[in-house]
Amino acid sequence: MSLKIHIDDSAPPYEQVRAQISEQARSGALPVGYRLPTVRGLAESLGLAVNTVAKAYRALESDGVIETRGRNGTFVAAAGSAAVREASLAAQAYVERVRRLGLTEDEALAGVRDALRAAYGE
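Residues numbered from 1 in each chain as written. Predicted model: local features only at pLDDT ≥ 70, side-chain atom pairs only at ≥ 80, totals over all residues. Heavy atoms only, no water.

- Looking at an unreviewed UniProt entry, the protein chain carries the name GntR family transcriptional regulator, with the source organism given as Streptomyces diastatochromogenes.

**A word on a nonpolar patch on the surface**
Here is step 1 of the chain: Nonpolar side chains collect at one region of the surface, where Y94, V95, V112, L116 and Y120 lie side by side and expose about 460 Å² of accessible area between them.
Here is step 2 of the chain: Those elements giving two or more residues to the nonpolar patch turn out to be α4 (82-101) and α5 (105-120).
Here is step 3 of the chain: Top element by residues in the nonpolar patch is α5. It accounts for 3 residues. (Patch = residues over 30% accessible without salt bridge, like charges linked within 9 Å, V, L, I, M, F, W, Y side chains within 5 Å. Areas by Shrake-Rupley, 256 points an atom, 1.4 Å probe, with all protein chains shown as cover. Salt bridge = Lys/Arg side-chain N within 4 Å of Asp/Glu carboxyl O. Helix = DSSP H or I, 4+ residues; strand = E, 2+ residues; numbered from the N terminus.)

**Points about the sheet that holds strand β3 (residues 74-76)**
Here is step 1 of the chain: Strand order in this open sheet of 3 strands is β1-β3-β2, and the pairing throughout is antiparallel. Because the sheet does not close on itself, it has two edges, and the strands there are β1 (35-36) and β2 (66-68).
Here is step 2 of the chain: Contacts from helix α3 (residues 50-62) reach β1, β2 and β3, with the element oriented near 110 degrees to β2. (Pairing = 2+ DSSP bridges. Contact = heavy atoms within 4.5 Å. Axes fitted to C-alpha atoms, helices over the stretch in contact; angles between N-to-C directions.)

**Some thoughts on the pattern of salt bridges**
Here is step 1 of the chain: Throughout the structure, instances matching the rule amount to 5 salt bridges.
Here is step 2 of the chain: Ionic pairing is found between E67 and R69, a salt bridge with its closest N-O pair at 2.8 Å.
Here is step 3 of the chain: With a relative accessible area of 38%, R69 lands in the partly exposed category. (Buried < 20%, exposed > 50% of the residue type's maximum accessible area, 1.4 Å probe, protein only.)

**Description of the packing of aromatic side chains**
Here is step 1 of the chain: For the coordinates displayed, the defined rule picks out 0 aromatic pairs.
Here is step 2 of the chain: For K55, the ring lying beneath its charged end belongs to Y14, and the centroid distance is 4.1 Å.
Here is step 3 of the chain: It is R69 that lies over the ring of F75; its NZ or CZ is 4.0 Å from the centre. (Phe/Tyr/Trp six-rings, centres within 6.5 Å; stacked < 30°, edge-to-face > 60°. Lys NZ or Arg CZ within 6 Å of the ring centre and 35° of its normal.)

**As for the nonpolar core**
Here is step 1 of the chain: Counting residues in each nonpolar core, the largest one holds 18 residues, and the members touching the most others are V17, I21, L42, L46, Y57 and I66.
Here is step 2 of the chain: It is α3 that provides the largest number of residues to this core, a total of 4 residues.
Here is step 3 of the chain: In this structure, L46 is in contact with L3, I5 and V17, ignoring residues within four places of it in sequence. (Core = buried A, V, L, I, M, F, W, Y, C linked by side-chain atoms within 4.5 Å.)

**Focus: the domain arrangement of the protein chain**
Here is step 1 of the chain: You can read the domains of the protein chain as domain 1 (13-76) and domain 2 (82-120).
Here is step 2 of the chain: The distance between the C-alpha centroids of domain 1 and domain 2 comes to 27 Å. (Domains from an automatic or database assignment.)

**Re the environment of V53**
Here is step 1 of the chain: Positionally, V53 belongs in helix α3.
Here is step 2 of the chain: Separated by 50 residues in the primary sequence, V53 and L3 place their C-alpha atoms 12 Å from one another.
Here is step 3 of the chain: Those residues in contact with V53 that sit more than four places away from it in its chain are V39, L42, A43 and L48.

**Re helix α2 (residues 39-46)**
Here is step 1 of the chain: When α2 is considered as a whole, its buried residues turn out to be L42, A43 and L46. Angular distribution of buried residues about the axis of α2 spans 100 degrees; they occupy a single face of the element. Away from its buried face, by an angle of more than 90 degrees, α2 presents the exposed residues R40, E44 and S45.
Here is step 2 of the chain: G47 sits one or two residues past α2 and shows a positive phi near 70 degrees. (Arc of directions from axis to C-beta.)

Set out below in structure tokens:
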């Protein structure tokens, strides 16, 4: 697991930890069942306060990304259904493609909205 905290980032450190672990779990970089470091261990390695990492872990647990198994530790939880995982992978591929094409975020979102309207008849 690789996390980087950017002090000059506008996002607070706990949100950076939450977002990075969530992304790594969703992408498969952190597989289901992967044992995360203890709150203290991760806080020490990142140079953060224990409460900061604890707040990120609580948010991840409420999002269903991780699960705490008492004294056994904290683990990456099973993701949603296979369809949701596949859609997430497709979305990641789309983002990579539109960035290579040089589209702005607004242009990329407009393309998705148009495709969804066409598919769902809205």
